[in-house]
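Listed here are the chains, written in short residue letters.
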Amino acid sequence: MTSPDFAYIEQQMRAATAELNAAMESALQEMLRFQRNNRPTEEERRALHEAALRGDLGDDMRTLARLVEAGEDDWDRIYSGESSNAELLRGHLDRMVAEHRDEIVRAIEEDEEFDPMDPESRPSR
C-alpha cells in the first residue's frame, strides 16, 4: 500500500478553496449590483409608505408603516431582513407574487441568460 500524496491533496484543497472564494466573491458582487439596480426611488418609497399607512397593502404593511412613521424601524432594515419586524412583509410579498405570477414566469422565460441550474452561465454585470 502506498502512502497518500499529501502535497497533491493540499494542492487540490487550495485550488478548491480558491474556486470557492472566487464564487463567493462573484455572488456577493452580483447581489450588490442587484441591490443597487433595484433600489426604489424616493418617490416610490413615499408612495409605498403612504399606501401602507392607508391600509391599501394590508394590515401587516400598515403596522410596518406605523413603526417607520414612529421612528421605531425603517424600510431598508425591514426589506433587508435585518429588522425583527421583517416577517410582517411575508403576506404582502406572497400577495404580490400571486398577483404577478404570470409576469414573473414570462420574464424568466424570456431571459435567455437565466438558467437556474447553472449559475456559471449568468453573465457578470
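Placed above this text is the structure.
All residue numbers refer to position in the chain's written sequence, counted from 1. For this predicted model, a pLDDT threshold of at least 70 governs which residues receive local features, and a threshold of 80 or more governs which side-chain atom pairs are given and counted, while totals over whole chains, interfaces and linings are taken from all residues. Remark: hydrogens and water are excluded; side-chain values derive from all non-hydrogen atoms of the structure.

### Things to note about the packing of helix 2 (residues 42-54) against helix 3 (residues 59-69)
Helix 3 packs onto helix 2 with a crossing angle of 115° between their chain directions and a minimal axis gap of 7 Å. In terms of crossing hand, the pair formed by helix 2 and helix 3 is left-handed. Contact residues: helix 2 offers Leu 48, His 49, Ala 52, Leu 53 and Arg 54, while helix 3 offers Met 61, Arg 62, Ala 65, Arg 66, Val 68 and Glu 69. Each residue is assigned to one of three groups, with Ala, Val, Leu, Ile, Met, Phe, Trp, Tyr, Cys and Pro labelled nonpolar, Asp, Glu, Lys and Arg labelled charged, and all others, Gly among them, labelled polar. Taken together, the residues that form the contact of helix 2 with helix 3 break down as six nonpolar, one polar and four charged. Axis definition: a line fitted to C-alpha atoms, limited for helices to the stretch in contact. Angles are taken between N-to-C directions and run from 0 to 180 degrees. For the purposes of this entry, the term helix denotes a DSSP run of H or I that reaches at least four residues, the term strand denotes a run of E that reaches at least two, and both are numbered from the N terminus. Note on convention: the crossing is left-handed when the near helix lies turned anticlockwise from the far helix by less than a right angle, right-handed when the turn is clockwise. Note on definitions: a residue-residue contact is assigned when non-hydrogen atoms from the two residues lie within 4.5 Å.

### A look at the pattern of salt bridges
Pairing between side chains of opposite charge can happen when their charged atoms approach one another. When a carboxyl oxygen of Asp or Glu lies within 4 Å of a side-chain nitrogen of Lys or Arg, that pair is called a salt bridge. Enumeration according to the criterion identifies nine salt bridges in this entry. Arg 14 is the salt-bridge partner of Glu 10, the closest N and O atoms lying 2.5 Å from each other. Taken together, the residues Glu 10 and Arg 14, both in helix 1 (residues 6-37) and four residues apart, mark about one turn of the helix. Exposure categories follow from relative accessible area, calculated using a 1.4 Å probe and restricted to protein chains: below 20% of the type maximum is buried, above 50% is exposed, and the middle band is partly exposed. By relative accessible area, which is 40% here, Glu 10 ends up partly exposed. The class for Arg 14 is exposed, based on a relative accessible area of 57%. Taking the shortest distance from any N to any O, the salt bridge between Glu 30 and Arg 33 comes out at 2.6 Å. Of this pair, Glu 30 and Arg 33 both sit in helix 1, three residues apart, roughly one helical turn.

### Structural notes on the nonpolar core
Think of a nonpolar core as a cluster: buried Ala, Val, Leu, Ile, Met, Phe, Trp, Tyr and Cys residues, connected wherever their side-chain atoms sit within 4.5 Å. Listed in full, the 10 residues of the largest apolar core are Ala 51, Ala 52, Leu 57, Met 61, Leu 64, Ala 65, Val 68, Trp 75, Ile 78 and Leu 89. Listing elements by their share of this core, those giving two or more residues are helix 2, helix 3 and helix 4 (75-80). A total of four residues in this core trace back to one element, the largest contributor, which is helix 3. In contact with Trp 75, not counting residues within four places along its chain, are Arg 45, His 49, Ala 52, Met 61, Leu 64, Ala 65 and Val 68.

### A few points about the environment of Arg 14
Residues Arg 14 and Gly 81 lie 67 residues apart in sequence; the distance between their C-alpha atoms is 34 Å. The definition of a polar contact used here is a pair of N or O atoms within 3.5 Å, where within protein one atom must be able to donate a hydrogen and the other to accept one, and adjacent residues in sequence count solely through side-chain atom pairs. Within polar-contact distance, the side chain of Arg 14 engages the side chain of Glu 10 at 2.5 Å.

### Digging into the packing of helix 5 (residues 90-99) against helix 6 (residues 101-110)
The contact between helix 5 and helix 6 brings their axes to 4 Å, and the two run at 70°. Here helix 5 lies roughly perpendicular to helix 6, going by the angle between them. Only Arg 101, Glu 103 and Ile 104 of helix 6 make contact with helix 5, whose side of the interface consists of Val 97, Ala 98 and Glu 99. Tallied by class, residues from the contact of helix 5 with helix 6 come to three nonpolar, no polar and three charged. Oblique is the label for every angle not falling under 35 degrees (roughly parallel), over 145 degrees (roughly antiparallel), or within 65 to 115 degrees (roughly perpendicular).

### Side note on the side chain of Asp 73
Looking at the element boundaries, Asp 73 is found in the loop between helix 3 and helix 4. What makes Asp 73 buried here is its relative accessible area of 8%. Excluding its chain neighbours within four sequence positions, the residues that come into contact with Asp 73 are Leu 67, Val 68, Ile 78, Ser 83 and Asn 85.

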